[in-house]
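Structural overview
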Amino acid sequence: FGSNYGQNSFLIDGLNTTDPVTHTFTSNFTFDSIQEIAVQTSGFEAEYGKAIGGIINVITKSGGNSFHGTLDARYQSEKLTEQGSKKRDFPPGTDRLRYDRDNEDFKNLSPAATLGGPILRDRIWFFGSVERPDFTRQRPDLFGFQPGRREFKGWTVFGKVTATPAPNQTLALKFNSETADVDHAEDSSFYTREAGYKQTQDLTVYNGSYDAVLTPNWLANLQLGYVNNKLDAFPQSGD
């Protein structure tokens, strides 16, 4: 409806985690820790607020009375892609390919694991996930110098405890952490190695919620959250 990317709101289990500086999402999530994603583009209630575009709400999984877990690894590199054949449109008459595998040098690896189950059967359950993203990319030499290699290495951790302290009442405590070190975060062929910079990211989210059906006509909902997001950048040389 005419809104731009910075006019959306990004929520985790109803807690607004939109980055106050970039106005975009703050946290990545392990695929297998997501129960569903709810997207609303119009007609959403005033309780959300702070958005004239869309509301993106990630709903996380919870543990149950039986133990369940997953192991997952995703890998991608230029070695697994097919050489292109289509030529570029500009400049006219060029023989350069739109995608030339010989000029690509990248690797994406994301091993992950999840585990959920009972702490006290029928009363308290847990769920957790961990992921280790390891991404590298070498930009090509386009201007007579070799740019630095971008290396992204980090950890994504999620934990959740759910309990039913009384009939028709649910208490949930959630923790999410994401850290990363990014060498040559500029990721550009316009930067020499000496001009590159390093970036560190550190995100922590605490989220607690209480839901209850008190009577057929009365519902209760209480949510408290704390989001701390830090991003530092400094010269790659350390000087």
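Attention here is on the structure that accompanies the text. Numbering of residues begins from 1 in every chain and follows the order in which that chain's sequence is written. Selection of residues for local features in this predicted model requires a pLDDT of at least 70, selection of side-chain atom pairs for listing and counting requires 80 or more, and totals for whole chains, interfaces and linings are taken over all residues. Each side-chain value is worked out from all heavy atoms of the structure, with water and hydrogens disregarded.

Considerations on the environment of Arg-98
Helix and strand assignments come from DSSP, with helices taken as H or I runs of at least 4 residues and strands as E runs of at least 2, each series counted from the N terminus. Tracing the backbone through its elements, the reader meets Arg-98 in the loop between β5 (68–77) and β6 (106–120). We call two residues in contact whenever any of their non-hydrogen atoms come within 4.5 Å of each other. The residues contacting Arg-98, other than those within four sequence positions of it, are Lys-86, Lys-87, Arg-88 and Asp-89.

Points about the sheet that holds strand β2 (residues 15–16)
Criterion used throughout: strands pair if DSSP finds at least two bridges between them. Within the open sheet, the 4 strands sit side by side as β2-β1-β4-β3. Their pairing is mixed. Unpaired on one side and paired on the other, β2 and β3 (34–40) mark the two borders of the sheet. Note: β3 against strand β4 (residues 55–60), 6 bridges, orientation antiparallel. Bridge pairing in β4 links Val-39 to Ile-56.

Some words on the pattern of salt bridges
Salt bridges are identified by distance alone: a Lys or Arg side-chain nitrogen within 4 Å of an Asp or Glu carboxyl oxygen. Inspection of the entire model under this criterion finds 11 salt bridges. The partner of Arg-137 in a salt bridge is Glu-104, and the shortest N-O contact between them spans 3.5 Å. Taken as a pair, Arg-137 in strand β8 (residues 134–138) and Glu-104 in the loop between β5 and β6 lie far apart in primary sequence, 33 residues in all. Throughout, exposure labels follow a simple rule: accessible area from a 1.4 Å probe, protein chains only, divided by the maximum for the residue type, with under 20% read as buried, over 50% as exposed, and the rest as partly exposed. The exposure class of Glu-104 is partly exposed, given its relative accessible area of 24%. For Asp-105, the salt bridge is made with Arg-149, and the minimal N-O distance between the two is 2.7 Å. With Asp-105 in the loop between β5 and β6 and Arg-149 in strand β9 (residues 149–163), this pair connects stretches of sequence that are 44 residues apart. Exposure remark for Arg-149: the relative accessible area of 25% places this residue in the partly exposed category.

Thoughts on the packing of aromatic side chains
Only Phe, Tyr and Trp rings are paired, with Trp represented by its six-membered ring, and only when their centres lie within 6.5 Å; those with planes under 30 degrees apart are stacked, over 60 edge-to-face, the remainder tilted. In total, this model carries 10 aromatic pairs according to the counting rule given. Taking the centre distance of 6.3 Å and the plane angle of 55 degrees together, the rings of Phe-67 and Phe-126 count as tilted. Here the residue Phe-67 occupies a position in the loop between β4 and β5, and Phe-126 occupies one in strand β7 (residues 124–131), the gap between them amounting to 59 residues. By relative accessible area, which is 22% here, Phe-126 ends up partly exposed.

Description of unusual backbone geometry
The linkage connecting Phe-90 with the following residue, Pro-91, adopts the cis geometry, with an omega of -5 degrees. Looking at the element boundaries, Pro-91 is found in the loop between β5 and β6. Backbone geometry at His-184 places phi at a positive 50 degrees, although glycine is not the residue there. Within the element layout of this structure, His-184 appears in the loop between β10 (169–183) and β11 (197–215).

Quick notes on the nonpolar core
Only buried residues count toward a nonpolar core, which is a set of Ala, Val, Leu, Ile, Met, Phe, Trp, Tyr and Cys residues joined through side-chain atoms within 4.5 Å. Formed by Ile-12, Phe-29, Ile-34, Val-58, Phe-127 and Phe-158, the largest nonpolar core amounts to 6 residues. When sequence neighbours within four positions are dropped, the list of residues in contact with Val-58 reads Leu-11, Ile-12, Asp-13, Phe-29, Ile-34, Glu-36 and Ile-37.

Points about the side chain of Glu-78
Within the secondary structure, Glu-78 is located in the loop between β5 and β6. Classification of Glu-78 by relative accessible area gives buried; the value is 9%. Polar contact is defined as a pair of N or O atoms within 3.5 Å, subject to the rule that within protein one atom must be able to donate a hydrogen and the other to accept it, and that residues adjacent in sequence are counted only when both atoms are side-chain atoms. A polar contact of 3.3 Å, which involves the side chain of Glu-78, links it to the side chain of Lys-79. Here Phe-106 takes part through its backbone nitrogen, which lies 3.0 Å from a polar atom of the side chain of Glu-78. Among residues more than four places away in sequence, those in contact with Glu-78 are Tyr-99, Arg-101, Glu-104, Asp-105 and Phe-106.

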